[in-house]
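Topology and contacts: notes
Each chain, letter by letter, is given below.
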Amino acid sequence: MMVRKMKFQPNNKIKIGRNHSCPCGSGLKYKKCCLGKRKKPPSAFESTKDFYYRQYKIRLKKKEDIEGIRKAGRLVTETLDMVESAIKPGMTTDDINTLVHEFTIKNRARPAPLRYRKFPKSTCVSVNEVICHGIPGKRVLEDGDIANVDVTSVLEGYFADANRTFFVGTPGEDAKKIVGISKESMKMGMKMVRPGNTIGDIGWAIQNYAEGKGASVVREFVGHGVGFQFHEAPQVPHYGQRGDGIPLIPGMVFTIEPMINLGKKELRVLKDKWTAITKDGSLSAQFEQTVLVTEDGFESLTPYD
Ligand code: MF3
Ligand code: CO
Ligand code: CO
């Protein structure tokens, strides 16, 4: 999801604008969140669930919610497997959209992207220098391309969100390199997910790994809470500092979806207002899974290797 810019308060003379992102990290506008509300610390009289909602606008998931998201997630994983076996040079990105749309409907689910904030298609297909939110259309996939397909399905009211970057035909060296780094980045982030660690630990692990390999991390798009809606609190940046941000607790469900560029991190959004491409034209790749924080670590609700 697109980051809502935070305005921090370096000293008490500078105010947070009503329309700026709330400094509590919820991703909501300040006026819709903490503005005017007194922030009490958690007390013996308030449940953790209530505290996480009041403080961060995070809706923890209970057992039956998790079962619902896991079921939606199973469908998302199957959809990506189906795309993997079908994707070939000569297909258009709209052909991929049709495959995803039909498969989703056939399985009694709804594609969340369709008409979401006026997005016109059922999935995002992002080729080569496209970072994310590629709108399916007439672009023809060529041998050696990399193509990210991002699938979010709503099944029985529950949302699950995942994506993978596929090789079209035979990959070149650069394609292999950036796809390998971005997949490993996501795994590094996932490995940090356990109670006691923070959102900042996830971002730190991803940034440390990707930059260590000479690649760069996109800042404008972040992971996000998911399950009851497409995009919920918290925001999950793919960069950051160890120990920063919201402490992870069981029942949190969010995505980890680092976008990693072979060149520089800067991006440009095309006139269609969706397609984000690397400013320097370098390749960009992404992998995404929906993860649940468990008592002793994490479980992917959209599992794939
Ligand atoms: N699936 C994307 C994500 O990972 C969001 C796509 S928004 C859309 O958050 F409108 F382009 F579908
Ligand atoms: Co997502
Ligand atoms: Co997604």
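The structure displayed is predicted, hence computed values, not measured ones.

A few points about the site of ligand 1
- Every one of the 13 residues lining ligand 1 counts as a neighbour, but Pro113, Tyr116, Phe119, His133 and Asp150 are closest to it.
- Class assignment of the residues belonging to the shell around ligand 1 gives a composition of 5 nonpolar, 3 polar and 5 charged.

Considering the environment of glutamate 173
- The topology assignment puts glutamate 173 in helix 4 (residues 173-191).
- What makes glutamate 173 exposed here is the crowd of 7 C-beta atoms within 10 Å.
- Distance from glutamate 173 to phenylalanine 51, taken between C-alpha atoms, is 49 Å for residues 122 residues apart in sequence.

Considerations on the confidence of the model for the protein chain
- Counting all residues, the mean pLDDT for the protein chain is 94, and 94% of those residues have values of 70 or more.
- Here residues 6-13 is modelled with pLDDT under 50, and outside its nearest four sequence neighbours on either side it reaches 10 contacts, counting other chains as well.

Points about helix 1 (residues 48-56)
- Within helix 1, the full set of buried residues consists of Tyr52, Gln55 and Tyr56. Down the axis of helix 1, the smallest arc covering the buried residues is 80 degrees, so these residues share one side.
- Among the structural elements, strand 8 (232-236) are those in contact with the buried residues of helix 1.
- Backbone geometry just downstream of helix 1 places lysine 57 in the positive-phi region, at approximately 60 degrees.

Points about helix 5 (residues 199-212)
- For helix 5, spanning 14 residues, the distance from its first C-alpha to its last is 20 Å, which sits close to the expected 20 Å at 1.5 Å a residue.
- The buried fraction of helix 5 amounts to 11 of the 14 residues, a majority that puts the element mostly inside the structure.
- Those residues of helix 5 not exposed but buried are Ile199, Gly200, Asp201, Ile202, Gly203, Trp204, Ala205, Ile206, Gln207, Tyr209 and Ala210.
- Turning to helix 5, the residues buried within the fold contact helix 4, strand 6 (216-217), strand 8, strand 9 (253-256) and strand 10 (259-261).
- Looking one or two places after helix 5, you find glycine 214, whose phi comes out positive at around 85 degrees.

Definitions and limits used
Residue positions are given per chain, counting from 1 as you read along its sequence in written order. Here chains are named by letter from A upward and ligands by number from 1 upward, in the order in which they appear as written. In keeping with the model being predicted, local features are shown solely for residues with a pLDDT of at least 70 and side-chain atom pairs are shown and tallied solely at 80 or more, while totals for entire chains, interfaces and linings include all residues. Nearness between a residue and a molecule or strand is assessed with a C-beta atom placed from the backbone; a distance within 6 Å qualifies. As a working rule, the residues Ala, Val, Leu, Ile, Met, Phe, Trp, Tyr, Cys and Pro are called nonpolar, Asp, Glu, Lys and Arg charged, and the rest polar, with Gly in that last group. Going along the chain from the N terminus, every DSSP run of H or I of four or more residues is numbered as a helix, and every run of E of two or more is numbered as a strand. Residue burial is a threshold on neighbouring C-beta atoms within 10 Å of the residue's own C-beta, all placed from the backbone, with 20 or more meaning buried, 12 or fewer meaning exposed, and counts in between meaning partly exposed. Known as pLDDT, the predictor's per-residue confidence is scaled from 0 to 100. Contact criterion: two residues are in contact if their C-beta atoms, reconstructed from the backbone, are within 7 Å. Think of it as the arc spanned by the lines of direction from the helix axis to the C-beta atoms. Take the number of residues in a helix, subtract one, and multiply by 1.5 Å to get its expected span.

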